[in-house]
Amino acid sequence: MKKVKVFISGQKWFGQEVFRLCLDHDKIEVAGVCAPVGDKYIGALARLFDVPIVPAGSLNYETMPEGIDLGITAHSFDYIGKRTRYKTRLGWIGYHPSLLPRHRGRSSIEWAIRMRDHITGGTVFWLNSGIDRGDIAKQDWCWIDPALYAMEPKKAARRLWEDELLPMGKRLMTDALDDITSGIMNKTPQDNRFSTFEPNTDVKDIYKPDLLMLEKYASPSN
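What you are looking at is a predicted structure, and each value in this text was computed from that prediction instead of being measured.

What counts, and at which threshold
- Residues numbered from 1 in each chain as written.
- Predicted model: local features only at pLDDT ≥ 70, side-chain atom pairs only at ≥ 80, totals over all residues.
- Heavy atoms only, no water.
- Bend = angle between axes of the 7 residues up to and from the residue.
- Helix = DSSP H or I, 4+ residues; strand = E, 2+ residues; numbered from the N terminus.
- Polar contact = N/O pair within 3.5 Å; in protein donor to acceptor, adjacent residues only side chain to side chain.
- Phe/Tyr/Trp six-rings, centres within 6.5 Å; stacked < 30°, edge-to-face > 60°.
- Buried < 20%, exposed > 50% of the residue type's maximum accessible area, 1.4 Å probe, protein only.
- Expected span 1.5 Å × (residues − 1).
- Contact = heavy atoms within 4.5 Å.
- Pairing = 2+ DSSP bridges.
- Right-handed = clockwise from strand over helix to strand, strands pointing away.
- Salt bridge = Lys/Arg side-chain N within 4 Å of Asp/Glu carboxyl O.
- Core = buried A, V, L, I, M, F, W, Y, C linked by side-chain atoms within 4.5 Å.

K.L.:
I'm lost on helix α5 (residues 153–181) in this one. Help?
P.N.:
Helical geometry note: an α-helix holds 3.6 residues per turn, so side chains three or four residues apart project in the same direction. Along its length, α5 shows its largest kink, about 50°, at W161. The distance from a side-chain oxygen at the start of α5 to the backbone nitrogen of K154 is 3.0 Å, and the residue carrying that oxygen is E152. Positive phi shows up at G183, right after α5, with a value of about 85°.

The structure is reproduced here in structure tokens:
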């Protein structure tokens, strides 16, 4: 049985877990990864299993290995350009912790908290030229505990990620890989009537007046 060759661009614990999913899958061969230099998670596993590593920040058409069937992003901050996407036979998939098309952008979990959403979720989608705009492969939802609204947004987002959205991401990625390795390509276009895009809250002073206004009018006393 010919295995599906995958290339993973990722970092941190989620990148490591997606790498493990692929290692344990009997229809997948990990042919390379892109990770930060000295990464203790996916990078360390790649070194352990002698998988070639492309340093984060240098991934492009020339540096990605030949013969890749599927690309995967797993907590990756490397931009996957058009030629790099098209170098794979099947394309690229990634996991975004929101109910796409809602909350596109890097700070999706924190914005769900800031906006007092009642539900959120996770989406495995096919990468295209837009930011978090590709067709949906797998998606699921969960409730947001109202107690999180009283917390500092970044701490609340971290708890929501660890308790709900990270396990969901592993499950959805497993389901998506099972489908793809079986020849099933689920591709449901996102409904752009419900799309939102919010800025990265880690950028200094980004839209601060708007953030203050949002917090004021979303507070429990209003």
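There is more to say after this.
K.L.:
Whenever I open this one, the packing of aromatic side chains confuses me. Can you help?
P.N.:
Aromatic ring pairs are described here by two measures, namely the spacing of the ring centres and the angle between the planes. On inspection of all chains with the given rule, the structure shows 5 aromatic pairs. Consider the rings of F7 and W92, whose centres lie 6.2 Å apart with planes at 70°: the pair is edge-to-face. Highlighted residues: F7 in strand β1 (residues 4–10) and W92 in strand β5 (residues 91–96), separated in sequence by 85 residues. Across this residue pair, the class does not change: F7 and W92 are buried. Ring centres of Y95 and W161 lie 6.4 Å apart, and the angle between their planes is 35°; this geometry places the pair in the tilted category. Taken together, the residues Y95 in strand β5 and W161 in helix α5 connect sequence positions 66 residues apart. For the pair shown, Y95 and W161 are each scored as buried. Each residue in the set F14, Y95 and W161 is aromatic and connected to the rest through ring pairs, giving one cluster.

K.L.:
I keep staring at helix α1 (residues 12–24) and nothing clicks. Help me out?
P.N.:
For α1, spanning 13 residues, the distance from its first C-alpha to its last is 19 Å, which sits close to the expected 18 Å at 1.5 Å a residue. Residues of α1 that are buried include every one of F14, G15, Q16, E17, V18, F19 and C22, and no others. Looking at the packing, one finds that the buried side of α1 touches β1, β2 (28–35), α2 (42–48), β4 (70–74), β5 and α5.

K.L.:
Got a minute to help me understand the pairing of β1 in this structure?
P.N.:
Each regular strand carries side chains that alternate between the two faces of the sheet. Of all the 7 residues making up β1, 6 are buried; the element is thus mostly covered by neighbouring parts of the structure. Summarising the sheet, β1 and β2 pair through 6 bridges and their orientation is parallel. The partner of V6 across the bridge, within β2, is V30. On the question of chirality, the crossover connecting β1 to the parallel β2 by way of α1 is right-handed.

K.L.:
Hey, could you run me through the pattern of salt bridges in this one?
P.N.:
Oppositely charged side chains may form a pair once their charged atoms are brought near each other. Enumeration according to the criterion identifies 13 salt bridges in this entry. In this structure, D179 and K138 form a salt bridge, with 2.9 Å as the shortest nitrogen-oxygen distance. In this pair, D179 is assigned in helix α5 and K138 in strand β7 (residues 136–143), connecting sequence segments 41 residues apart. Residue classification places D179 among the buried positions, given a relative accessible area of 15%. Given the relative accessible area of 22%, K138 is considered partly exposed. Note that R171 and D140 form a salt bridge whose closest N and O atoms lie 2.6 Å from each other. With R171 in helix α5 and D140 in strand β7, this pair connects stretches of sequence that are 31 residues apart. When its relative accessible area of 38% is taken as the criterion, R171 is described as partly exposed. Overlapping salt bridges, with partners in common, bring together E110, R114, K154 and D202 in one network.

K.L.:
Quick question: what am I supposed to make of the nonpolar core here?
P.N.:
Generally speaking, soluble globular proteins have nonpolar side chains that are buried together. Residues I8, L70, I72 and I93 are the most contacted members of the largest nonpolar core, which totals 43 residues. Examining the composition of this core, we find that 12 residues originate from one element, α5, more than from any other. Residues contacting I93, with those up to four places away along its chain left out, are L70, G71, I72, T73, V124, F125, W126, L127, M173, A176, L177 and I180. If you look at the next biggest cluster of nonpolar residues, it comprises 12 residues, including F7, L59, I68 and L127.

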